[in-house]
Amino acid sequence: MSRLRCLLLASLVSLALPAAQGEAHCPGNVASLTLRLVQSSLIVIPIEINHSGPYDFVVDTGAQVTTVEPRLASELHLRSEGTTGVGGVASFARAEYTNLDLIKAAGHSVANTVVVIQEMAQLKTADSRIRGILGANFIEHFDVLIDNGRKIMCFDESGTLAAALRGEHIALAEPSGSQKDLPFTRPMLVSARLSAVENAPVLLRLDSGSNAPLLYADDSRIGKEARNTKPALTRFVNGVEQSFAILPPQDIRVGEQSLKHVSFAIPLNTAGIGPHPREDGLLPTIAFQRVLISFSGGYVSLDPWER
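Rules of the game
- Residues numbered from 1 in each chain as written.
- Predicted model: local features only at pLDDT ≥ 70, side-chain atom pairs only at ≥ 80, totals over all residues.
- Heavy atoms only, no water.
- Buried < 20%, exposed > 50% of the residue type's maximum accessible area, 1.4 Å probe, protein only.
- Helix = DSSP H or I, 4+ residues; strand = E, 2+ residues; numbered from the N terminus.
- Pairing = 2+ DSSP bridges.
- Core = buried A, V, L, I, M, F, W, Y, C linked by side-chain atoms within 4.5 Å.
- Contact = heavy atoms within 4.5 Å.
- Salt bridge = Lys/Arg side-chain N within 4 Å of Asp/Glu carboxyl O.
- Disulfide = S-S within 2.5 Å.

Colleague: Can you lay out the pairing of strand β3 (residues 42-49) for me, pointing to particular residues and giving the numbers?
Modeller: By the criterion of burial, β3 is predominantly enclosed, with six of the eight residues buried. Examined bridge by bridge, strand β2 (residues 36-38) and β3 share three bridges and lie antiparallel to one another. If you follow Arg36 over to β3, its bridge partner there is Val44. Examined bridge by bridge, β3 and strand β4 (residues 52-59) share five bridges and lie antiparallel to one another.

Written as structure tokens, this is what we have:
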């Protein structure tokens, strides 16, 4: 049903951010929402659920569906409608799901939304105030600007935001595999060129819910190098130890934008058995100063950090 992004904590690969300066506003007089950042990268905003709240949720463009922690689900008297498979970074488990009458964020609402009810131990460790994850089945209804440099976020459904920004339009890529088995949202993917993978581009999911660039080791072009790399980090997912290796730094090119000396993490084993990934890895949105996502236009615009 979904491939929710698990959090790779700052013990993996962190990206240093310059400090924001002064009060900022969204382009085109679109209403601004100030971000609360956790671990200098995770975007947290207040949302309302079924006219109750506000509750602190992580904004995760890499999560297909929204997640609610069990305690909040109990407070809201949400009833499970069944179980479904939930995937993360080389991990898979079963979780309950239900439907919400309404989700509201920054004055924008989406009705009749499917949500997963799941514990979020890693996120709660990072910040105990986090109550859930706002996924793409909410975000996809709007043009969204994530301005990491000025620490603001903008939602727009009028076209004003997209018209006010004139960056390069990078087409959203189609996921690998069949297009008939995507039950909710299409993964937000871009085609990228890596200096270490010269033969063909790779598909990377733009992910605001993690702070670590990642490649999947089961890709034949990547796996060879991964097998020759010693485990550098470990974590536990549902009681299963998962190991990661860190590849040597390489360059990434997305459209006309380049990122230099990026170190990707690679999972060396899975935690649970789930569907094959629809992409080659993920690229955190925090790698860019500003990210515009236009689901209606089918493109993203990426502004790199000025160094």
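Now that the structure is up, let's keep going.
Colleague: Just give me the short version of the nonpolar core, but keep the residues and values in it.
Modeller: Residues Ile45, Ile49, Met153, Ile252, Leu283 and Val300 are the most contacted members of the largest nonpolar core, which totals 53 residues. With residues up to four places along the chain from it excluded, the contact list for Ile45 reads Leu33, Leu35, Tyr55, Asp56, Phe57, Val59, Ala105, Leu134, Met153 and Phe155.

Colleague: Outline the pattern of salt bridges, supporting the account with residue identities and numerical values.
Modeller: Considering all chains together, one arrives at twelve salt bridges under this definition. Of the charged contacts, one joins Arg131 and Glu69 as a salt bridge, the two residues approaching to 2.2 Å between their closest N and O atoms. One end of the pair, Arg131, is in strand β9 (residues 130-134); the other, Glu69, is in the loop between β5 (66-68) and α1 (70-75), with 62 residues separating them in the sequence. The pair formed by Arg131 and Glu69 is uniform in burial state, with each residue classed as buried. With a closest N to O distance of 3.1 Å, Arg205 and Glu279 form a salt bridge. One end of the pair, Arg205, is in strand β14 (residues 197-207); the other, Glu279, is in the loop between β20 (265-267) and β21 (281-284), and 74 residues separate them in sequence. With respect to class, Arg205 is no different from Glu279; both count as buried. It is possible to trace a salt-bridge network through shared partners that takes in Glu69, Arg71, Glu75, Lys124 and Arg131.

Colleague: I'd love a proper account of the state of the cysteines, names of residues and values included.
Modeller: The tally for this structure, following the rule as stated, stands at one disulfide. The disulfide partner of Cys26 is Cys154, and the gap between their sulfur atoms is 1.9 Å. Linking Cys26 and Cys154, the disulfide has an S-S dihedral of approximately -95° and is accordingly described as left-handed. Note that Cys26 is positioned in the segment before β1 (33-34) and Cys154 in strand β11 (residues 152-156), a separation of 128 residues in sequence. Grouping residues by exposure puts Cys26 and Cys154 together as buried.

Colleague: Summarise unusual backbone geometry; cite the residues concerned and give the values.
Modeller: Across the junction of Gly53 and Pro54, the peptide omega takes the value 10°, indicating a cis bond. Relative to the elements of secondary structure, Pro54 occurs in strand β4. Its identity as a non-glycine residue notwithstanding, Ser40 has a phi of 65°, on the positive side. Relative to the helices and strands, Ser40 is located in the loop between β2 and β3. A relative accessible area of 47% places Ser40 in the partly exposed class. Even without a glycine there, the phi angle at Lys151 is positive, about 60°. For Lys151, the location among the structural elements is in the loop between β10 (143-147) and β11.

Colleague: Can you tell me about the pairing of strand β18 (residues 250-254), naming the residues and giving the values?
Modeller: Of the two faces of β18, only the one carrying Gln250, Ile252 and Val254 is buried; Asp251 and Arg253 on the other face are not. Bridge count for strand β13 (residues 189-194) against β18 is two bridges, and the pairing is antiparallel. For Leu194, the partnering residue across the bridge sits in β18 and is Ile252. Alignment of β18 against strand β19 (residues 257-262), held across four bridges, turns out to be antiparallel. From the neighbouring strand, Ile252 faces β19, where its bridge partner is Leu259.

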